[in-house]
Amino acid sequence: MGYPHKSHPKETPVLSKHFGDASSRSLEVWKSRGGYKALQQALHMEPTAIVDIVKASGLRGRGGAGFPTGLKWSFMKQGDGKQHYLCCNADESEPGTFKDREIMRWTPHALIEGCAIGAYAIGATKAYIYIRGEFTEPIKVMEAALAEARAAGIIGKNAMGSGKEIEVWVHKGAGAYICGEETALMNSLEGKRGNPRIKPPFPAVSGLFGMPTTINNVETLAAVPHILNNGGEWYKAMSLSNPKSTGSKLYSVCGNVAKPGNYEVVMGFSFKEFLYDLCGGPPAGRKFKALIPGGSSVPTITIEEAEAIKMDYEGFVEQGTMLGSGGVIIFDDAQSMPVQLARIARFYAHESCAQCTQCREGTAWMTKILERIVAGQGTFEDLDTIFDLSEQMTGKTICVLSDSCGAPVVSGITKFRSEFEALIKGRRSSTVAMAGGR
Amino acid sequence: MMKDESRKMVNLTIEGRAVSVPEGTMILEAAKVAGVLVPHYCYHPGLPVAGVCRMCLVEVEKAPKLAPSCATAVGEGQVVHVYSEKALEARKGVLEMLLINHPLDCPICDQAGECELQDYTFQEGRADSRYQEPKRFNPVEDFGGDVLYVTNRCILCTRCVRFMEDVHEDAVLCVSERGDRAVISRAPDADLVQPWAANVIDLCPVGALVSKDFLNKARAWELDRTASVCTGCSQGCNSVLETRDNVIVRTKPRSNEAVNHFYLCDEGRLDYRWMNRPDRMEVPKVQLGGALSPVDWEIAYAAAAKAMKGKRAYVVASPGLSNEALFLLKRIMKATNGEGAFRCETGPEAPLPGVKDLSLRADRAPNVNGAELLGYKRRDTDPLAGLKEGDVLVLADDTLSGVDIAAAKKASAIIVIGTTLPVGLPTPVAVFPIANVAEEEGTFTNLRGRVQRYLQAKAAPGLARPSWYALADLATAVGAPSDDCSLPSAVFSKMAASEPAFAGLSYDLIGLRGATVVGAAAGAA
């Protein structure tokens, strides 16, 4: 549902059905609504059978990369005698994204059940839910729900009386964006500095504590119980873009929009309808100008491009951007794109883990140039330098943080070049304060 | 080269050259085999791979992206281009970014001339910078020990962090902060005083970690470098003596997988000043009217031979003398039916945990093993215990400091071969000034039986002669066999011929990496 707004009839609330209903946090209520039925069933299935159902559902990772979940699970070699781990990525640090927060806030048991099923399916007895430290309320809710589930014997040494061990813990992050990157998350879980690791080895071979590990997003895991309850075909059929993108997807909408919030629609939904119907269009008297539709890491698009989008993994790519995490950031015609993009670049410069040269130096350099342009001290050569920097920062580093800094900026300059040129030509005095402000 | 049968060989082409390397080798190492050095900063063969500087990016055909060659394993049939346009462009980008906040203070930087940032920028970098913003500034920090951290020059390759964590196993360094604010920091109140900590200075590819001992002392291009062996203990770490104007100004490790890998302990590293001592014996002297008078070498030899005639020579030799010198002293012992002893200073051991069999050893002298193999008796507390009434006491580079010298009165005469004159002893009949380790050629035998050569780094003062030279002539004068001992290599071959432990060895065989004596434990360093 369009939490905190009323559910829109065009929404398909699967994960968000109980958003806003605090009673669904309790185990008793959750069970009465069909909670833990899927886990009960799963614990008496072969793990490979669960993987097959998830494969059949076409579920793809909801954290941003969109990797097929069933395929990822099948990389875990069963019976290799090693300790397997499941990590749930609840770091949700991508700017503009707040869907996992609501899942954990309102339906903690949905996530616990998803984690337990996922852990069982990949042969893991231990699962960690890594929650970003700023999520104080979701952490409290999750911890309370875990305690309840543990006390009820749903997780533990003998999960739901099946004789199988599944332990789930919550781990708090310490406030670094980069800890949402899977290998940095594992380093952080291990108590080390949250630096991304070089791949290979991939987590399925050597992940947490050097053991085979699978890492999934909150939304991905929360969808798993529904898939087991209703079958893979049901999940597939829900989508308008079957078979490549399936199921429903939560979008967090923020920025200059009448009704910001979380919305759940099926794959293949029209973005135009989404923006104007569900989200209520622009604020009164304004017009939409630009969007960053998948969290701040993806390329910026114009509203014209956005209106043509079919909301699935492929549809966003067709218009030169990405579905990403589903964090839709909207700018209206009152916004200065140079200011907004400088602000985004500054975020990445601040959050770079400082390992790779291009990222450590490049993000900061790009930010300084953008801030200088905003201050009216830019030159046309600066724009060329930014394009070249972005080229140097893309595809050359351990993780994609530096790519993520370049993507929205370069696409933003390409599409809104006149705004940058106006600032450069105007040569405003440097005393004009940045509209974005420090 | 022996092939390791347990590992499959992989064939690939690097810059058009076919190479075959064991499976699992990284492209960067394979390129070395092909004779191509891929520019790099964070990679170091002695440290775990970090893959962070992104300088070693190369183009691998059919790969979607450029590959960090330090962290990409070789694959069968791979075609690698190190100098392709794409790879060069990427490395140029890295170099430009490494320099945007770098102070470019090469004129006052100790690293200048031996700086990889300079070298690769000259080789592949841009001539100018597009950076117009103010540079980041951080103050210089004293890391304790011999290490100074010049923060602004740091490129955050993390070699120092990984050395302390994974090799020294005392993780006192870390990266603090994020983004371009990141710097190397110490754990609270942890000075870099660990016994091997100063190796971070050598590991640093730029001028960020510099030696306080060497600070502003010399420019790298003014230095002459000589292969040597550290005299600090019986480990026998391979070293380089760096001299300017006949003065040693710095000691650095010389890599040798079999002994010290890439490292040198702080004690060994900073223990070179004595080699520059100016108060040396410079001319041979003989006793004339109760006092020492300078004479010609031949006269001194004759005086020594006269004093030794019909007497037993009791030799107290320093375990800091070369195998060659000890061998020639042994000839003197043999010719006079005498005996030899040595003493060795000891101290606490200080192993480098991450490297097998590498330690600052308790025996603080380089040739204890050589002395023992040549039959000298170890007498740490009382080196004169074997001295008999009427013996001629031959002091070879041991001044008997700290020893109760009353026993020396038993000697009928004293002969001194050394760099300084002993204090408090009866006047010797003859003294022979010799070169110290930095001024001559020779070999030491380390505690694992590895015989290693050291070369001459500077000139000896006055008329001082290399120890093998002075002792060969002295041995002949007292009646030892007179054969060709005109070069240290010739002395060594005489030793190899007559001493079973050294059988089969020669200077050519030892080279600059050493070779082990007969009976040394296989596999030990």
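Remember, predicted model here, so these are calculated numbers, not experimental data.

Draft legend 1. Geometry of the overall build of chain A. Across its full length, chain A holds 18 helices and 11 strands. For chain A, the C-alpha radius of gyration of 22 Å lies close to 22 Å, the compact-globule estimate for 438 residues. Out of the 438 residues in chain A, the part that is buried amounts to 59%. Excluding contacts between residues fewer than 6 apart, the proportion of contacts in chain A whose partners are at least 24 apart in sequence is 72%.

Draft legend 2. Spatial organisation of the nonpolar core. Membership of the largest hydrophobic core comes to 220 residues, with the highest contact counts inside it found for Cys87, Cys88, Cys115 and Ala116 of chain A together with Val58 and Val200 of chain B. If we ignore the near neighbours within four places in the chain, the residues touching Val200 of chain B are Val147, Cys160, Phe163, Met164 and Leu209 of chain B. Val392, Leu447, Ala464 and Ala480 of chain B belong to the second-largest nonpolar core, a separate cluster that totals 77 residues.

Draft legend 3. Seen up close, the sheet that holds strand β1 (residues 9-14) of chain B. All names here are of chain B. If you trace the 5 strands from one edge of the open sheet to the other, you get β2-β1-β5-β3-β4, paired in mixed fashion. Each edge of the open sheet carries a strand with a single partner, namely β2 (17-22) and β4 (67-68). The pairing of strand β3 (residues 57-60) with β4 spans 2 bridges and is antiparallel. By the bridge assignment, Val58 is partnered in β4 with Ala67. Those strands touched by helix α2 (residues 85-100) are β3 and β5 (79-81), and its axis lies near 160° from that of β3.

Draft legend 4. Region of interest: the domain arrangement of chain B. All names here are of chain B. When the domains of chain B are assigned, the result is domain 1 (9-94), domain 2 (106-111 + 131-222) and domain 3 (285-516). Each of domain 1 and domain 2 has a C-alpha centre, and the two are 27 Å apart. Each side of the interface is counted separately: domain 1 has 9 residues, and domain 2 has 10 residues. Residue classes in the side of domain 1 that touches domain 2 are distributed as 7 nonpolar, 2 polar and no charged.

Draft legend 5. Summary view of the packing of helix α15 (residues 357-374) of chain A against helix α16 (residues 380-393) of chain A. Residue and element names in this part refer to chain A. For the pair α15 and α16, interaxial distance at closest approach is 10 Å and the crossing angle is 160°. Of the possible angle classes, the one that applies to α15 and α16 is roughly antiparallel. Both α15 and α16 take part in a crossing whose hand is left-handed. On α16, the residues that touch Gln358, Cys359, Gly362, Trp365, Met366, Ile369 and Ile373 of α15 are Asp382, Thr385, Ile386, Leu389, Gln392 and Met393.

Draft legend 6. A look at the domain arrangement of chain A. All names here are of chain A. What the domain assignment reports for chain A is domain 1 (22-235), domain 2 (248-332) and domain 3 (337-426). Placing a centre on the C-alpha atoms of domain 2 and another on those of domain 3 gives a separation of 23 Å. If you look at the interface, domain 2 gives 10 residues, while domain 3 gives 11 residues. Residue composition of the side of domain 2 that touches domain 3, grouped by class: 5 nonpolar, 5 polar and no charged.

Draft legend 7. Spatial organisation of the confidence of the model for chain A. Looking at chain A as a whole, the pLDDT averages 94, with 97% of positions reaching at least 70. Contacts from residues 429-438 of chain A, a stretch scored under 50 in pLDDT, to residues over four places away or in other chains number 15 contacts.

Draft legend 8. Quick peek at the interface of chain A and chain B. Counting residues at the interface gives 25 residues for chain A, matched by 24 residues for chain B. Elements with a minimum of two residues in the side of chain A that touches chain B: α14 (337-351), α15 and α16 of chain A. Among the elements that line the side of chain A that touches chain B, the one with the most residues is α15 of chain A, at 9 residues. Residues that form the side of chain A that touches chain B fall into these classes: 8 nonpolar, 11 polar and 6 charged.

Conventions and cut-offs
- Residues numbered from 1 in each chain as written.
- Chains lettered and ligands numbered in written order.
- Predicted model: local features only at pLDDT ≥ 70, side-chain atom pairs only at ≥ 80, totals over all residues.
- Helix = DSSP H or I, 4+ residues; strand = E, 2+ residues; numbered from the N terminus.
- Rg over C-alpha atoms; globule rule 2.2 N^0.38 Å.
- Buried ≥ 20, exposed ≤ 12 C-beta atoms within 10 Å, placed from the backbone.
- Contact = placed C-beta atoms within 7 Å.
- Core = buried A, V, L, I, M, F, W, Y, C linked by C-beta atoms within 7 Å.
- Pairing = 2+ DSSP bridges.
- Axes fitted to C-alpha atoms, helices over the stretch in contact; angles between N-to-C directions.
- Domains from an automatic or database assignment.
- Nonpolar A, V, L, I, M, F, W, Y, C, P; charged D, E, K, R; others polar.
- Parallel < 35°, antiparallel > 145°, perpendicular 65-115°, else oblique.
- Left-handed = near helix turned anticlockwise from the far one by under 90°.
- pLDDT = per-residue confidence, 0-100.

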